[in-house]
Amino acid sequence: MTKSMINRRSMLAALSAGFALPQAAFAQAPWPQGRTIRLIVPFPPGGATDILGRLVADKLGHAWSTNLVVENRPGAGGNIGVDAATRAEPNGDTLLIGSVGLVANPYLYAKVNYDPIKDLSPITMVAMVPNLLVVSKELPVKDTAELVAYARANPGKLSYASSGVGTSIHLAGELFQKLTGTKMVHVPYRGSSQAIQDLIGGRVDLMFDNITSALPQARAGSIRGFGVTTATRSPTAQEFAPIAEVVPGFDVSSWFALFAPSKTPKAIIDRIQADTKTAIADAGVRAKMDLLAAEPVGNTPAELAAFVQSEQKKWGDLIKEVGIRAE
């Protein structure tokens, strides 16, 4: 082999090594650099889950300088979207914003393809939101006390809408019936926005809607607001008294939390939790949440895990006691 051939091979080897270094560095780039991340919302656009999910996704996308896409996957009370999230690769590229249906559905449906405790890694609670009891303007009652009296005098006559079987909106109605000794007809929808439109049109009588979507309509006079589902007044909706003042023991909150597929690396979970906590502490985000009557939380993965377990027991016991089944 000639000296010139050796020099040529050495030069080619050096050039190859030079090109390999950036490729190796790119392959080892820390999450979320260069990724497209999706946030699954298991309900249609327009409801509280979607609104809060998009608010957080927008802030995180900017913070990470990456493409964070919101993907609405409605159906089966949220089961379709949750199932899609649990089947995704546990690499941080798929997130889920879940709510009470996440823990209620295993008791409501004969079969679900996921276990909310085993198949998801809790990240953080984004916000807690009261529900608001709203009624059609056509209903001949003026407050919660009159509604209870009317429902007792007319068993099975009133209809209440929800955004799906097993949502907090549905379960609030079931708890209301149990505590007041009334009987109403449940009308489930595939999301809150369509349900609220039918309430405005008088096609259903009442709804325990997330205050996020119901409050603007109630304040505009399209429907009438009677009371919040929480034990105390909402800081941003002080005009509505708690239903519990008329129905003792009535206490329901909607919650919205971030999850990832089980076995997602702890470092990624911790990064998302910290960045989400920072995002919802931002003054601009808090101002938008105030308009939605949502209270930011930002707790730890361990705290969210304990909360999810307590919610699973609370609603699981009610569902079994009342005998609720998904249609």
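A quick note: this is a predicted structure, and the numbers were derived from the prediction, not measured.

Undergrad: I keep staring at the overall build of the protein and nothing clicks. Help me out?
TA: Counting its secondary structure elements, the protein contains 11 helices and 10 strands. In terms of overall dimensions, the protein has C-alpha extents of about 105 × 40 × 35 Å along its principal axes. Intrachain contacts of the protein at a sequence separation of at least 6 include 77% that bridge at least 24 residues. As displayed, the protein offers around 14,600 Å² of accessible surface, 55% of which is attributable to carbon and sulfur atoms. Averaging the positions of the 32 positive and the 28 negative side-chain charges in the protein gives two centres separated by 8 Å.

Undergrad: What is the right way to look at the side chain of Thr167 in this model?
TA: Considering the arrangement of structural elements, one finds Thr167 in the loop between strand S5 (159-162) and helix H6 (168-180). Judged by its relative accessible area of 5%, Thr167 falls in the buried class. Beyond its immediate stretch of four places on either side in the chain, Thr167 contacts Phe43, Val100 and Ser162.

Undergrad: What am I meant to see in helix H10 (residues 283-291) here?
TA: Owing to its 3.6 residues per turn, the α-helix brings residues three or four apart onto one side. A distance of 2.9 Å separates the backbone nitrogen of Gly284 from a side-chain oxygen at the start of H10, and that oxygen is part of Asp282. A positive phi of about 60 degrees marks Ala293, the residue just after H10.

Undergrad: Would you mind going over the pairing of strand S4 (residues 120-135) with me for this structure?
TA: Note on strand geometry: in a regular strand, side chains alternate between the two faces of the sheet. Taking burial as the measure, the 16 residues of S4 include 14 buried ones, the bulk of the element. As paired strands, S4 and strand S9 (residues 253-261) are joined by nine bridges and run antiparallel to one another. Within S9, the position partnered with Met125 by the bridge is Ala257. Pairing of S4 with strand S10 (residues 295-296), which is carried by two bridges, proceeds in the antiparallel orientation. Bridged to Met128 within S10 is Glu295.

Undergrad: Got a minute to help me understand the packing of aromatic side chains in this structure?
TA: Two descriptors summarise a pair of aromatic rings, namely the distance from one centre to the other and the angle between the planes of the rings. Per the counting criterion, the structure on display carries five aromatic pairs. Ring plane angle 90 degrees and centroid distance 6.1 Å describe the contact between Phe176 and Phe250, whose orientation is recorded as edge-to-face. With Phe176 in helix H6 and Phe250 in the loop between strand S8 (224-228) and S9, the pair connects residues that are 74 residues apart, well separated along the chain. Among the residues examined, Phe250 registers a relative accessible area of 1% and is labelled buried. With centroids separated by 6.0 Å and ring planes inclined at 40 degrees, the aromatic side chains of Phe208 and Phe250 adopt a geometry described as tilted. Here Phe250 lies in the loop between S8 and S9 and Phe208 lies in strand S7 (residues 206-210), a separation of 42 residues in the sequence. For the residue pair Phe208 and Phe250, the accessibility class agrees, reading buried in each case. Chaining the aromatic ring pairs together yields one cluster made of Phe176, Phe208 and Phe250.

Undergrad: In this structure, what is going on with the confidence of the model for the protein? I would like to understand it.
TA: Reading predicted coordinates in detail is not appropriate for stretches of low pLDDT. With 91% of its residues at a pLDDT of 70 or more, the protein shows a mean pLDDT of 89. By mean pLDDT, helix H1 (residues 3-27) is the weakest element of the protein at 46, and helix H5 (residues 144-153) is the strongest at 98. Contacts for the low-pLDDT stretch residues 11-28, under 50 throughout, to residues beyond four places or in other chains number zero contacts.

Undergrad: In this structure, what is going on with the side chain of His170? I would like to understand it.
TA: You can see His170 is positioned in helix H6. Residue classification places His170 among the buried residues on the basis of a relative accessible area of 1%. When neighbours within four sequence positions are excluded, His170 is seen to be in contact with Tyr160, Ser162, Gly164, Val165, His186 and Ile324.

Undergrad: Which parts of the structure should I look at to understand the pairing of strand S2 (residues 67-72)?
TA: Looking at chain direction, strand S1 (residues 36-41) and S2 are connected through six bridges and run parallel. When the bridges of S2 are listed, Leu39 appears paired with Val70.

Rules used throughout
Residues numbered from 1 in each chain as written. Predicted model: local features only at pLDDT ≥ 70, side-chain atom pairs only at ≥ 80, totals over all residues. Heavy atoms only, no water. Helix = DSSP H or I, 4+ residues; strand = E, 2+ residues; numbered from the N terminus. Contact = heavy atoms within 4.5 Å. Areas by Shrake-Rupley, 256 points an atom, 1.4 Å probe, with all protein chains shown as cover. Lys, Arg positive; Asp, Glu negative; His and termini not counted. Charge placed at Lys NZ, Arg CZ, Asp CG, Glu CD. Buried < 20%, exposed > 50% of the residue type's maximum accessible area, 1.4 Å probe, protein only. Polar contact = N/O pair within 3.5 Å; in protein donor to acceptor, adjacent residues only side chain to side chain. Pairing = 2+ DSSP bridges. Phe/Tyr/Trp six-rings, centres within 6.5 Å; stacked < 30°, edge-to-face > 60°. pLDDT = per-residue confidence, 0-100.

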